[in-house]
Amino acid sequence: MVLYSIVIFKIMKKITLYLDHATLPALGQLIHFLQNKEEDTFRIFCYNRFPLLENVIKYEMGINAFFFNVPLNSAWAYCPENVLTLLNDYALEEYISLEIHANLGHSLTLISPITQLAQKNKNIHIDHLHLYDDGSKEYLDLESLKHTNLHYLLNISLMDMHAYLKKAGVTLTNPIIAQYLWGHFYPTTYHLLKKDYFIKTDFIQPIFQQIEQNCLSIDFSERTLSAQNKDCLCKMVGLNESLQNKLKQSHKGFMFIGGITMYLDCEIDYANELLKIAQKSTSGNYDALFFKGHPTYLSDKFNYPILQTINNIIEIPKELPTEVLLITGLLPSKVGGINSSIFFSLPSENIEHIVFTDKKYYHHEISNQKFIDILLRTECVKEEQIFSWYDFIER
């Protein structure tokens, strides 16, 4: 007698999910997408700041994909319910091989709903996580751990994560540490804005040991993309040909980086003081002036006076990641303005100055001094390139 065994194979569907409500992590994710655009995978893009993205990917590049916005609640980003429904529906008939690209600083709230779904639906398999720095946020948060017992907190946080990834409602003892423990549960790559921070900060070594073998520095150099992919990227993020030509024509240009404050009722007129900084910054002998405002919607009231007052200043769309100008070779020769994550990525010789607000404008426990210490420790700038708000205006 011959016995036959019947094996039923389900189709394996590869899905790549991109999740970010902000700008900088989304840029890192778009670089990955363009470098791997020929890969046979179904893609889901969840971004809030690139309205042209869907048109470029679907109609110019001919790539089929889903597009959703990322919901925000109390300043935290969450995985869209539409994504969870979509994954669950696909998993009814197919095995899902899922690769997730997400904002590191919001990875706990973005990814945990998916891990909890995967606990219930065994057809969903998370193959790899790619986590991208949100900006300066992660480094400022890590500075707050300087006088803590990191080895103890790491052990507690690892136990927390075991429960957190399985069911909703679990409270994390220290979310700052927990976001660096994903590698204990899934193959994970950390894409860091400033890897040198971990190398040069002694007290953070216990955390660095968690990611050291699986972290990369985000590459914003001109070599990171082909000419064709650079063209696609410009279309996706809104760097149009007219603006590109103005940047190309400038050989001694200056770009002012705008700022924002959460203290909208503070004792000074922030918009007026910011305008003074902008006017002083742009008073040099430049052949072109550019202005890049902060990307949040709150920044409009601060951006408008600068654009209206400074003659011939050229606006760079606030949602456009400044790092795109590095990738495309279009960065003006000098950049200066209010403290920003962009100064972690710029060559030091391109930085004219960075202006920090005075002590009374600190935001909660995050002081300007922490930001300055990180910039100096990682050798992004020299002390003579840093100014206080008042000293810069009066000099």
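Notes on the structure follow.

The rules behind the values
- One numbering rule holds for all chains: residues counted from 1, following each sequence as written.
- Where local features are concerned, this predicted model is filtered to residues with pLDDT of at least 70; where side-chain atom pairs are given and counted, the filter is 80 or more; whole-chain, interface and lining totals use all residues.
- To obtain the side-chain values, all non-hydrogen atoms of the structure were included, while hydrogens and water were left out.
- Between buried and exposed lies partly exposed: a residue is buried under 20% and exposed over 50% of the maximum accessible area for its type, with that area taken using a 1.4 Å probe on protein chains only.
- The way it works is that DSSP assigns letters per residue, a run of H or I at least four long becomes a helix, a run of E at least two long becomes a strand, and they are numbered from the N terminus.
- In short, DSSP must find at least two bridges between two strands for them to pair.
- To obtain each axis, a line is fitted to C-alpha atoms, and for helices this fit is confined to the stretch in contact; angles are then taken between N-to-C directions over 0 to 180 degrees.
- Working rule for contacts: check all heavy atoms of both residues, and any pair within 4.5 Å makes them a contact.
- For Phe, Tyr and Trp, where Trp contributes only its six-membered ring, two rings pair if their centres lie within 6.5 Å, and the inter-plane angle classes them as stacked under 30 degrees, edge-to-face over 60, or tilted in between.
- Cavities and pockets were defined on a 1 Å grid built from protein atoms only: a cavity is a group of points that admits a 1.4 Å probe but offers it no way out, a pocket is an open group of points flanked by protein on both sides within 12 Å along at least five of seven lines, and a lining residue is one with an atom within 4 Å of any such point.
- Grid points are joined across faces, edges and corners, and a volume is the space filled by probe spheres set on the points.
- When residues are grouped by polarity, Ala, Val, Leu, Ile, Met, Phe, Trp, Tyr, Cys and Pro land in nonpolar, Asp, Glu, Lys and Arg in charged, and all others, Gly among them, in polar.
- Oblique is the label for every angle not falling under 35 degrees (roughly parallel), over 145 degrees (roughly antiparallel), or within 65 to 115 degrees (roughly perpendicular).
- Crossing handedness is read from the near helix: turned anticlockwise from the far helix by less than a right angle, it gives a left-handed crossing, and turned clockwise, a right-handed one.

Within strand S10 (residues 253-257), five of the five residues are buried, leaving the element largely enclosed by the surrounding structure. Side chains of S10 alternate between two faces, with Gly253, Met255 and Ile257 and Phe254 and Phe256 buried alike. Relative to strand S11 (residues 288-292), S10 is paired through five bridges, and the arrangement is parallel. Looking at the pairing, glycine 253 lines up with alanine 288 of S11. Note that S10 and strand S13 (residues 334-338) share four bridges and pair parallel. Bridge pairing in S13 places isoleucine 257 opposite glycine 337.

Here we take up the sheet that holds S11. If you trace the six strands from one edge of the open sheet to the other, you get S12-S11-S10-S13-S14-S15, paired in parallel fashion. At either end of the open sheet lies a strand with only one pairing partner, and these are strand S12 (313-316) and strand S15 (386-388). On average, each strand axis in the sheet is inclined to that of its neighbour by 20°, with strand direction left out of account. Helix H11 (residues 241-249) rests against S11 and S12 of the sheet, and its axis sits at about 130° to S12.

Before going further, it helps to examine the packing of aromatic side chains. Counted by the stated rule, this structure contains 21 aromatic pairs. Measuring from centroid to centroid gives 5.9 Å for tyrosine 139 and phenylalanine 344, while their planes differ by 50°, and the two rings are tilted. Here tyrosine 139 is found in helix H5 (residues 137-143), whereas its partner phenylalanine 344 is found in the loop between S13 and strand S14 (351-356), with 205 residues between them in sequence. You'll find tyrosine 139 and phenylalanine 344 in the same group, each marked buried.

Taken as a whole, the second largest pocket spans an internal volume of roughly 240 Å³. In terms of lining residues, the second largest pocket is bounded by 15 residues, among which Leu193, Lys194, Ile218, Phe344 and Ser345 are the most central. Looking at side-chain class alone, the lining of the second largest pocket contains eight nonpolar, three polar and four charged residues.

What follows concerns the packing of helix H12 (residues 270-281) against helix H13 (residues 300-309). Running from N to C, H12 and H13 cross one another at 40°; their axes reach a closest spacing of 9 Å. Considering the angle they form, H12 stands oblique to H13. In terms of crossing hand, the pair formed by H12 and H13 is right-handed. Across the interface between the two elements, Tyr270, Ala271, Leu274, Leu275, Ala278 and Gln279 from H12 touch Lys301, Phe302, Pro305, Ile306 and Thr309 from H13. Partitioned by chemical class, the residues of the contact of H12 with H13 number eight nonpolar, two polar and one charged.

What is shown is where atoms sit, not what they do.
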